Amino acid sequence: MAGNKRVEEVFKSFGGKGVMSDGSDPTPPLESLKSFEVKEGMTVDLIAHEPEVSQPLFLTWDSRGRMWVLQYRQYQYPAGLKVVRFDQYLRAVFDKIPEPPPKGVKGLDKVTVHEDTDGDGIYDTSKDVITGLNIASSVQVGNGGIWVLNPPYLLFYPDADGDDIPDGDPEVHLSGFGIQDTHSIANSLLWGPDGWLYAANGSTTAGVVSSAVTKGVEFQGQCIWRYHPVSKVFEIYAEGGGNTFSLDIDSKGRVFSGTNGGNTRGYYYPQGSYADKNWGKHGPLTNPYAFGYFTHMGFEGDGRRFAQAFLIYEGGLFPKDYNGDIIAPNSLHNVVWHSERIPLGSTYRTVDHTNLLESSDRWFRPVYNGVGPDGSVYIADWSDTRLSHVSPVDDWHKESGRIYRVRPKDSSPNYQLGDLQQKTAEELITLFEHSNKWVRRRAMLELGWRGDNSVVEQLIAKVNEKSSLESLWALNLMGELDSKLCRKWLQHPDEHIRRWMVRLIGDGTLKNIDSQVYEALAAVAANEPQVQVRSQLASTAKRIEAQYALPVVTQLLQHEQDLSDPHMPLMLWWAVEAHAEEFAEIEKTFSNPEVWSLELTQTAITTRLMQRYAAAGTPEDLQHCARLVEIAPDDKSRELLLMGLNKAFQGRTVPPLPVSLEKALADYLDSLGNDGIVLALRQGKPEAVPPAIKALKDTNNDLGLRMELARAFGEVKTPEVVSTLVSLATGRSTNEPAFQRVAIQSLANYDDAGIANSLIGSFQSRISAEHNLRTTACRTLASRKEWAMKLVDYVNSWQMKAEEVPADVIQQLRTYEDPELTAAVEQAFGKQVQVSKAEKAEEINRLLQVLMEAEGDAAKGEVHFKKKCANCHKLFGQGETIGPPLDGYERGNPKFWLPAMVEPSLEIREGYQSYIAVTLDGRVITGMVAAQDPQTVTIRTADNRKIILAREDLEIFKAMEKSLMPEDVLKELSDEDIRNLLAYLSQGARKK
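Residues numbered from 1 in each chain as written. Predicted model: local features only at pLDDT ≥ 70, side-chain atom pairs only at ≥ 80, totals over all residues. Heavy atoms only, no water.

Draft legend 1. Structural detail: the overall build of the protein. Broken down by element type, the protein carries 33 helices and 37 strands. Here the protein has a C-alpha radius of gyration of 30 Å; the compact-globule value for 992 residues is 30 Å, and the two agree. Seen through its C-alpha atoms, the protein measures out along the principal axes to roughly 95 × 65 × 65 Å. Counting all 992 residues of the protein, 60% fall into the buried class. Total accessible area on the protein is roughly 39200 Å²; 48% of this is exposed by carbon and sulfur atoms. Taken as two groups, the 106 positive and 135 negative side-chain charges of the protein have centres that lie 3 Å from each other. (Helix = DSSP H or I, 4+ residues; strand = E, 2+ residues; numbered from the N terminus. Rg over C-alpha atoms; globule rule 2.2 N^0.38 Å. Buried < 20%, exposed > 50% of the residue type's maximum accessible area, 1.4 Å probe, protein only. Areas by Shrake-Rupley, 256 points an atom, 1.4 Å probe, with all protein chains shown as cover. Lys, Arg positive; Asp, Glu negative; His and termini not counted. Charge placed at Lys NZ, Arg CZ, Asp CG, Glu CD.)

Draft legend 2. Quick peek at the side chain of Q532. You can see Q532 is positioned in helix 11 (residues 531-543). Among all residues touching Q532, those that are not within four sequence positions of it are R254, Y268, S346, Y348 and R499. (Contact = heavy atoms within 4.5 Å.)

Draft legend 3. Here's a closer look at the sheet that holds strand 9 (residues 138-142). Spatial strand order, 9-10-11-12: four strands in an open sheet with antiparallel pairing. Lying at the two open borders of the sheet, with one neighbouring strand each, are strand 9 and strand 12 (171-175). For this sheet, the mean angle separating the axes of adjacent strands, direction not counted, is 20°. Relative to strand 10 (residues 145-150), strand 9 is paired through five bridges, and the arrangement is antiparallel. For Q140, the partnering residue across the bridge sits in strand 10 and is W147. (Pairing = 2+ DSSP bridges. Axes fitted to C-alpha atoms, helices over the stretch in contact; angles between N-to-C directions.)

Draft legend 4. Structural detail: the packing of helix 12 (residues 546-556) against helix 13 (residues 568-577). Between helix 12 and helix 13, the least distance of the axes is 10 Å, while the angle of their chain directions is 155°. Taken together, the axes of helix 12 and helix 13 lie roughly antiparallel to each other. Taken as a pair, helix 12 and helix 13 cross one another with a handedness that is left-handed. Every residue of helix 13 that contacts helix 12 at L550, V553 and L556 is listed here: L572, A575 and V576. Residues of the contact of helix 12 with helix 13, tallied by class, amount to six nonpolar, no polar and no charged. (Parallel < 35°, antiparallel > 145°, perpendicular 65-115°, else oblique. Left-handed = near helix turned anticlockwise from the far one by under 90°. Nonpolar A, V, L, I, M, F, W, Y, C, P; charged D, E, K, R; others polar.)

Draft legend 5. Region of interest: helix 11. In this model helix 11 runs 19 Å from its N-terminal to its C-terminal C-alpha over 13 residues, within 8% of the 18 Å that 1.5 Å per residue would give. Within helix 11, eleven of the 13 residues are buried, which leaves it mostly tucked inside the rest of the structure. Looking at helix 11, one finds that the buried residues are V531, Q532, V533, R534, S535, Q536, L537, A538, S539, T540 and A541. As for helix 11, its buried residues are in contact with strand 21 (267-269), strand 26 (347-352), helix 9 (495-507), helix 10 (515-527), helix 12 and helix 13. (Expected span 1.5 Å × (residues − 1).)

Draft legend 6. Quick look at the pattern of salt bridges. Considering all chains together, one arrives at 48 salt bridges under this definition. Close ionic contact of R498 with E528 constitutes a salt bridge, the shortest N to O distance being 2.8 Å. Residue R498 is located in helix 9, and its partner E528 is located in the loop between helix 10 and helix 11; the two are separated by 30 residues in the primary sequence. Since its relative accessible area comes to 9%, R498 is described here as buried. (Salt bridge = Lys/Arg side-chain N within 4 Å of Asp/Glu carboxyl O.)

Draft legend 7. Quick look at the packing of aromatic side chains. A full pass over the atoms with the stated rule returns 38 aromatic pairs. Taking 4.9 Å as the distance between ring centres and 85° as the angle between the ring planes, the aromatic pair formed by F36 and F364 counts as edge-to-face. Separated by 328 residues along the polypeptide, F36 in strand 1 (residues 36-38) and F364 in the loop between strand 27 (357-359) and strand 28 (366-371) bring together distant segments of the chain. When the centroid spacing of 5.2 Å and the interplanar angle of 20° are considered together, the rings of Y518 and Y548 count as stacked. Of the two residues, Y518 sits in helix 10 while Y548 sits in helix 12, which places them 30 residues apart along the sequence. What links up through ring pairs into an aromatic cluster is the set Y72, Y75, W382 and W396. One Lys or Arg, R784, reaches over the ring of W787 and ends 5.4 Å from the middle of that ring. (Phe/Tyr/Trp six-rings, centres within 6.5 Å; stacked < 30°, edge-to-face > 60°. Lys NZ or Arg CZ within 6 Å of the ring centre and 35° of its normal.)

Worth remembering: the numbers are spatial, not functional.
Here's what the structure looks like:
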């Protein structure tokens, strides 16, 4: 498995963490069965075990009631791949992407089907259906074949005759799921009631997923996603959550998952929502303007980690008081929890009941549970003493595995409905009232896939008279929902019919939907009494056109009872933010003074809306900020707007603003800076320090004042404040990224050895790549030699990718004249290759020839500009103003561009000379001189901040010979990439 000697050393030397193998032999199946302590009135059956089943990871059932088992025997490494690198979480980088089966090296994973041939409730036969899979996590059957989630692919094996023999090689429907961490891959494939395939993605793999229709959907870490097999659309349904390796959709079509965290049973996911993540480890949200997130369902009970597997019991076999409850296996503690699910506003909380079962057998590792066609709960037991993935050594016990069934003692469950595919439409509709959710949903799916429109009127009658969700879902699958039915059922007396009508309108899959349907949503929003319907209205408002969406949101904002709801304020913000690019519609909405005065607007929208435009930061966005201030009807609204503006710019220099906005912000900042406690602190009054620290900590104080105090502590040395700043910087005492950034930057003012350890230690959690927190921390760490060494060691120990360190930080790290640090920097980022002028001239001539060979694509070139240039240079209104603006240059002349890129130090434009300043206490600042006088020097840094330094505190202040612009700016760009970049840079200019 090792692709190089360094990886070999990791295999040899890495000490396993967590629960590792104890070297014992598996408990015999019947002995393990005796180890269970079962809840009163319940019993456990052994359904299957080794050798026919080993490492079972996922179970599902087809329309004949047969059990399908995904056996994850290839785990822990894909066959045919070599590891070339590990990171600090033991995530692997492989030497290549595996080919989809049956190509490439065959793995050991397989799908088996188990059948009860005599109807006695025991699966008495089994057979292999698909073998040679390579890191496959789940399987579903239906709609013409077998669907296998085998990251990086979603595969479809056609099986038109249902004989379990695929009609040919699989079709790749999705590609691009990550396999960096094979305990955390895409998983838990499940048919949704809307005909989409839903699944979860684990927390420590990333994806760039494409289908035939949807291209390049990027995400990092945990999410719930879905795929439509007919339209071939892929999308993230909801993002965030724990380590999502389970999924369930309840009888009302609501989405849940378990998690690997403690103190919860799992997450509830409204459509389009964002939930929390372990940010440093799991990466940022896909939306940088989410400005908030949901947390897990609250709970009362056993707080041990972890409820990784999850189901909501609606099987009809257990006693009635189980209906709607959560069954959650905990593989770490050999227990299966039983928890009551209780509404909490638009979401839920849980309360534990007596455990469903416990085992004294340490080999019992329940990794999946689901409700079968007979109403029993089936549990897949991984069966191993090792549980933790945190070891590179593949010493899993691959020959063991069990499947158990939990049922009431007095029951003899067996599935007796036969093959649902062979039933008439009438018979299937009758099953819509079955006591088992599995039967109801499977009957609905079979009818919907069949497309038998002869029963449309019957289904419509069942929705009208019986509030039948299954009938509504079947009509949707048949494509029989039109505008007339939509408008009617938006007024249906049943909240779930209304909610799903709102949902399906947003999904955009209904036929002949006209504007009247979208307009009707606002009328529904005005009077909707049920909070989960209001929540879905907000979700749908994200997905429809702004002209229809914002009137819906305006009506929802008037439901003041939602102020205290755990979800609704953020749901409403996300609905507004989805349409922020349509500013004309935003302005139209906020031209009404009554909208500004609503408490939900003031609490959830106003500050975030301003912050969103300011954070985007283009000249057009800043004009939007100015316009919002202009139309704000009162002082309170303007203050909320300016608070958002201030939050957006904390930790970075304010860009040029429209005149009116600049004055408004200056007045607001003056009001904060002139606060007595801030003034006294900046004036160096010792008596101001204790109350200033107290005010900084006080969460009841105005956020703007607290951020101003944090900034002041970065200018006035006050060692007593370091612990408070560290707590803020590492996210332990704030969830506000702007506040974190200020605290991280202010810590650079303090020569405290523990600061670097605290910052780096939080790279795995709250100092993430999101909101520039990681890059800000890198810049702070690079400012002192000892801290810089810790940062570089962190990179060299494979705990952080070198490409995650900003280019300006790498340049600053290279300025240290210390042999040990220089060697470490070269190990991390490579040597600065000394290239002769002749070699540079030769490279310039080569690139000129490259540019002559073909035309570049300016649209593609913009991507490279944003990545390589925009962090320092501004062009077409995009980018920063650290380096010279590029609009006025000879942009059509490649002989101007190429020398500047290949040899940036050749000619440094006046005013852009780089300087290095070293303070007496060892702080290093590099940048350009923004201002100076006999007492101070003001340095404009690479992150566009201005740092004022007293000359008396400077040990060194001198010009640097080299430009801060890296000489390898074109590194990693192909010739085609360079053509595209130059095409973008040259847009609108005459060629020379």
